[in-house]
Amino acid sequence: MNCPMEDRRPAILVAYAAGELDRETASALERHLADCAACRPVAAGQAAVWKALDAWEAPSVSPDFDRRLYRRIDEGARLSWWERLTRPFRSMPLRQALPLTAVAGLLLMASLLLHRTGPTAPVASQHEVVGANQVESTLDDLDLLRQLSTADSAESGHPDAM
Amino acid sequence: MGVAAAATLDYDAELMLRVKEGDGTSFGVLLEKHRASVIHFVYRLVQEQAVAEELAQEVFLRVYRSRSSYAPTAKFKTWLFRIATHLALNWLRDERHARGQERLDDGPADLPARQISDRRPSVEQEMVREVKREEIRRAVAALPEKQRAAVLMHKYEEMEYTQIAKVLGCSDSAVKSLLFRAYETLRARLAHMEAT
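Conventions used here
Residues numbered from 1 in each chain as written. Chains lettered and ligands numbered in written order. Predicted model: local features only at pLDDT ≥ 70, side-chain atom pairs only at ≥ 80, totals over all residues. Contact = placed C-beta atoms within 7 Å. Helix = DSSP H or I, 4+ residues; strand = E, 2+ residues; numbered from the N terminus. Nonpolar A, V, L, I, M, F, W, Y, C, P; charged D, E, K, R; others polar. Core = buried A, V, L, I, M, F, W, Y, C linked by C-beta atoms within 7 Å. Buried ≥ 20, exposed ≤ 12 C-beta atoms within 10 Å, placed from the backbone. Domains from an automatic or database assignment. Axes fitted to C-alpha atoms, helices over the stretch in contact; angles between N-to-C directions. Parallel < 35°, antiparallel > 145°, perpendicular 65-115°, else oblique. Left-handed = near helix turned anticlockwise from the far one by under 90°.

Put simply, an interface is often sized by how much accessible area is lost when its parts join up. Taken residue by residue, the interface counts 33 residues in chain B and 26 residues in chain A. Those elements giving two or more residues to the side of chain B that touches chain A turn out to be helix H3 (24-46), helix H4 (49-65), helix H6 (123-141) and helix H9 (172-190) of chain B. Broken down by class, the residue content of the side of chain B that touches chain A amounts to 17 nonpolar, four polar and 12 charged.

Have a look at this one:
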């Protein structure tokens, strides 16, 4: 016989074992289980799992759990900025912390280098630009003076202008 | 979002908003309410009591430290278990990389402390219980990590699929799939306990 619940079997039987079904649905399922050879062993198995998991007790909590927690909270409040910065890395395994530290170090060095060379580079190039302008301007001035001088010579009949 | 608005979400979120405003007592209430469930959840995931408590400390520390940026966008418990799951799964991955699966094959080195009650079981009964507990522990430990987390939240925390999905960062249908596969594996390993 084909079971009409075949597709929904896991969902319904897990919910049934967990006591999540309403009374009406649970009763209908129980009637079905009485007749269905496919669902019955799954329901029994799930009930056994549920019961087994119930038997798995967790140990009781250490009596000083809260004291330890509040001590850590207090310690955290007293940390210096450096300790706060490095705290995430301290609980990390070495193989994770090393690459992260290396990357952080590289970034720090790059930042320092950029900071050091950054402002000086534009200033230097600015000097170069100003210098070139000055030279060009001076050459223009000299050229203008020479032209003026030539014009004066021509007007005064200076031999150089010939 | 203010305290009044958060009340519509859940009471824990309201408490956390009070923590955000500097109320240390509310943090104590949240700790008292969720301490055991977080430790037990992490313990069943990592199966080492000392590690479970250490990770649970980290969970509550993170909750406390992130109080100033807390925004109740989900249930507080969902957020709390998201942190706990994240830390526990990370620890399991690190541990697996470091030691392989040998720890799971170790003997019952870190079994839970025995409960002392007035009706003390006989030595034989206790041995049977111990063997059974060990079998359950191994069956759960053999599940893939996400399946394990899903089963523990469903079974012991009685979380709905949607809430588990939010904790694990996946869809509801993915959670159903994780759970059904996990229970299928557990049925295969533990169904014989039915008669015991």
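Structure's up, so let's keep going.
Residue and element names in this part refer to chain B. Among the nonpolar cores identified, the biggest contains 64 residues, and Val42, Val59, Ala84 and Ala150 are the most heavily contacted of them. With nine residues, H3 is the single largest residue contributor to this core. Excluding residues that lie within four positions of it along the chain, Val42 makes contacts with Ala52, Leu55, Ala56, Ala84 and Ala88.

Residue and element names in this part refer to chain B. Once the domains are mapped, chain B shows domain 1 (1-101) and domain 2 (124-196). Here domain 1 and domain 2 have C-alpha centroids that lie 21 Å from each other. With 14 residues of domain 1 at the contact, the number on the domain 2 side is 14 residues. Elements represented by at least two residues in the side of domain 1 that touches domain 2 include exactly H3 and helix H5 (76-99). Of the residues assigned to the side of domain 1 that touches domain 2, the class counts are six nonpolar, five polar and three charged.

In contact at an axis separation of 10 Å, helix H4 (residues 65-77) of chain A and H4(B) are set at 45° when each is read in the N-to-C sense. On the basis of their axis angle, the class for H4(A) and H4(B) is oblique. H4(B) is crossed by H4(A), and the crossing has right-handed handedness. Residues Phe65(A), Arg68(A), Leu69(A), Arg72(A), Ile73(A) and Gly76(A) of H4(A) lie in contact with H4(B), whose contacting residues are Glu53(B), Gln57(B), Phe60(B), Leu61(B), Tyr64(B) and Arg65(B). Tallied by class, the residues present in the contact of H4(A) with H4(B) amount to six nonpolar, two polar and four charged.

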